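Reading the structure
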Amino acid sequence: MKSYVMGIDFGSTTAKTVILNLKGEIVASCVTHMGAISGEGVKASVDGALQEARLSQNDIGRTVSTGYGRRMLDIADKNYTEITCHARGAVAMIPEARLIIDIGGQDSKTIAVDEKGLVIQFAMNDRCAAGTGKFLEVLARAMSIDLDLMGETALDARHELKISSMCATFAETEVISLLAEGETKPDVLGAVHAAIATRTAGLVARVGQQGPVVMTGGVARNRAAVQYIEKALGMPIILPPTPQIAGALGAALIGLDDYLAECRRQDASIEDDEPLDRQMTLSQASCVPGCKGTQAALAAALEPRPVGDLWQRIHAHL
């Protein structure tokens, strides 16, 4: 029996890996940015987590994958959807969570869960970049600002502007026009984050607004995005310490359940054989389960008899 399990979230722009011990405790995690779905990027994430834990892949008893590239991983024993894994991981980090907002690189989703982390209902936007990390990335390029600085800059907005289109391409045109008209970067970025919040609130409405609300995914690291979404929902948002690893953590926890169940089944099959072994070693025990005879009776039945005696018994029945 091995002592660790691994969860891998093979996302569209980042790869996340979590390693757990058999108590469900995180012993290592690693997030790598790769720009696009990349085997090299996810390998770097896995290797980083293994190095942090001072382990090798041979020490891992079960590996479960999730995310866009979940079916591309040869080292994964099983794979599950992002919805299932993000729900499990978010509730593991914030047990009181009843609504999860996850905004990743290429999609955004809202998930209603019960107290066990089981999905009740969900809504997902994976058809366009609207309201996702890609949306922010495109507009950061258009405004010549570092992606990591967008949120902090948006918090300095003084005037409320509006971006009418959620299409990344059309929104880019609007942003450029607003800047050309003399609007400040903070005000324009405030409008960008307000648009994301509006889109997110629409997804929340599809599953039913309830709390407490937990936000996961890379965009959860953007303070402006969190504040604008809180304003749109009219309720606070709880942030886990490491919101990006929720999916990988959920995958690892599912893998842990599966691995421990398998180990229990193996132990049970071994224990089931023990009574029979003891039974067969006892001199007066039944020779097979359910048999009313004993080994002594079996031996007597199999004792060689003279050939003549056999012919006598045959003739007696003729």
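Provided above is the structure to which this section pertains.
Attention here is on the structure that accompanies the text. (Residues numbered from 1 in each chain as written. Predicted model: local features only at pLDDT ≥ 70, side-chain atom pairs only at ≥ 80, totals over all residues. Heavy atoms only, no water.)

A closer look at the nonpolar core
With 40 residues, the main nonpolar core has Ile-101, Phe-135, Met-215 and Ile-229 as its most contacted residues. Of all the elements in the fold, those that place two or more residues in this core are strand E6 (99-103), helix H3 (133-142), helix H4 (150-154), helix H5 (168-180), helix H6 (185-207), strand E9 (213-216) and helix H7 (223-233). Excluding residues that lie within four positions of it along the chain, Met-215 makes contacts with Ile-101, Ile-103, Ala-220, Val-226, Ile-229, Ile-237, Ile-238, Leu-239, Pro-240 and Pro-243. By size, the runner-up hydrophobic cluster in this structure holds 23 residues, among which are Val-18, Ile-111, Ala-246 and Leu-256. (Core = buried A, V, L, I, M, F, W, Y, C linked by side-chain atoms within 4.5 Å. Buried < 20%, exposed > 50% of the residue type's maximum accessible area, 1.4 Å probe, protein only. Helix = DSSP H or I, 4+ residues; strand = E, 2+ residues; numbered from the N terminus. Contact = heavy atoms within 4.5 Å.)

Concerning unusual backbone geometry
The omega torsion of the bond from Gly-211 to Pro-212 falls at 0°, within 30 degrees of zero and hence cis. Mapped onto the elements of the fold, Pro-212 is located in the loop between H6 and E9. At Arg-54, a residue that is not glycine, the phi angle is positive and equals roughly 60°. With respect to the secondary-structure elements, Arg-54 resides in the loop between helix H1 (39-53) and strand E4 (60-66). A positive phi angle is found at Ser-144, which is not glycine, with a value near 55°. Turning to its location among the elements, Ser-144 is positioned in the loop between H3 and H4. You can call Ser-144 exposed: its relative accessible area is 64%.

A word on the side chain of Thr-110
With respect to the secondary-structure elements, Thr-110 resides in strand E7 (residues 108-113). Given a relative accessible area of 0%, Thr-110 falls into the buried group. In terms of polar contacts, Thr-110 uses its side chain to reach the backbone carbonyl oxygen of Leu-203, at 3.1 Å. Apart from the residues within four sequence positions on either side, Thr-110 is in contact with Ile-100, Ile-101, Gln-121, Phe-122, Ala-123, Thr-200, Leu-203, Val-204 and Val-207. (Polar contact = N/O pair within 3.5 Å; in protein donor to acceptor, adjacent residues only side chain to side chain.)

A closer look at helix H2 (residues 82-93)
End to end, H2 covers 16 Å across twelve residues, agreeing with the expected 16 Å (1.5 Å per residue, within 8%). The buried count for H2 comes to nine of twelve residues, which makes it a mostly enclosed element. Within H2, burial applies to Glu-82, Ile-83, Cys-85, His-86, Ala-87, Gly-89, Ala-90, Val-91 and Met-93. (Expected span 1.5 Å × (residues − 1).)

Observations regarding the pattern of salt bridges
Applying the stated criterion across every chain yields a total of twelve salt bridges. In this structure, the salt-bridge partner of Arg-70 is Glu-82, at a minimum N-O distance of 3.3 Å. Here Arg-70, found in the loop between E4 and strand E5 (78-79), pairs with Glu-82, found in helix H2; they are twelve residues apart in sequence, far enough to count as distant. This pair shows no difference in class: Arg-70 is buried, exactly as Glu-82 is. Close ionic contact of Glu-137 with Lys-134 constitutes a salt bridge, the shortest N to O distance being 3.6 Å. (Salt bridge = Lys/Arg side-chain N within 4 Å of Asp/Glu carboxyl O.)

As for the sheet that holds strand E2 (residues 14-21)
Pairing within the open sheet is mixed, and its five strands lie in the order E3-E2-E1-E4-E5. Two strands bound the open sheet, and with one partner strand each, they are strand E3 (26-33) and E5. Pairing of strand E1 (residues 4-10) with E4 involves six bridges; the strand directions are parallel. Note that in E4 the partner of Val-5 across the bridge is Arg-62. With respect to the sheet, H1 is in contact with E1, E2, E3 and E4, its orientation differing from that of E3 by roughly 150°. (Pairing = 2+ DSSP bridges. Axes fitted to C-alpha atoms, helices over the stretch in contact; angles between N-to-C directions.)

Some details on the sheet that holds E6
The strand order across the open sheet built from five strands is E8-E7-E6-E9-E10, with neighbouring strands paired in mixed fashion. Bordering the open sheet on either side are strand E8 (119-125) and strand E10 (237-238), each of which pairs with just one other strand. In this sheet, E9 lies alongside E6 in parallel orientation, the contact comprising four bridges. The residue of E9 that forms the bridge with Ile-101 is Met-215. Here H2 sits on the sheet and contacts E6, E7, E8 and E9; the angle it forms with E7, its principal contact strand, is near 60°. On the sheet, H6 packs against E6, E7 and E8 and is oriented at approximately 145° with respect to E8.

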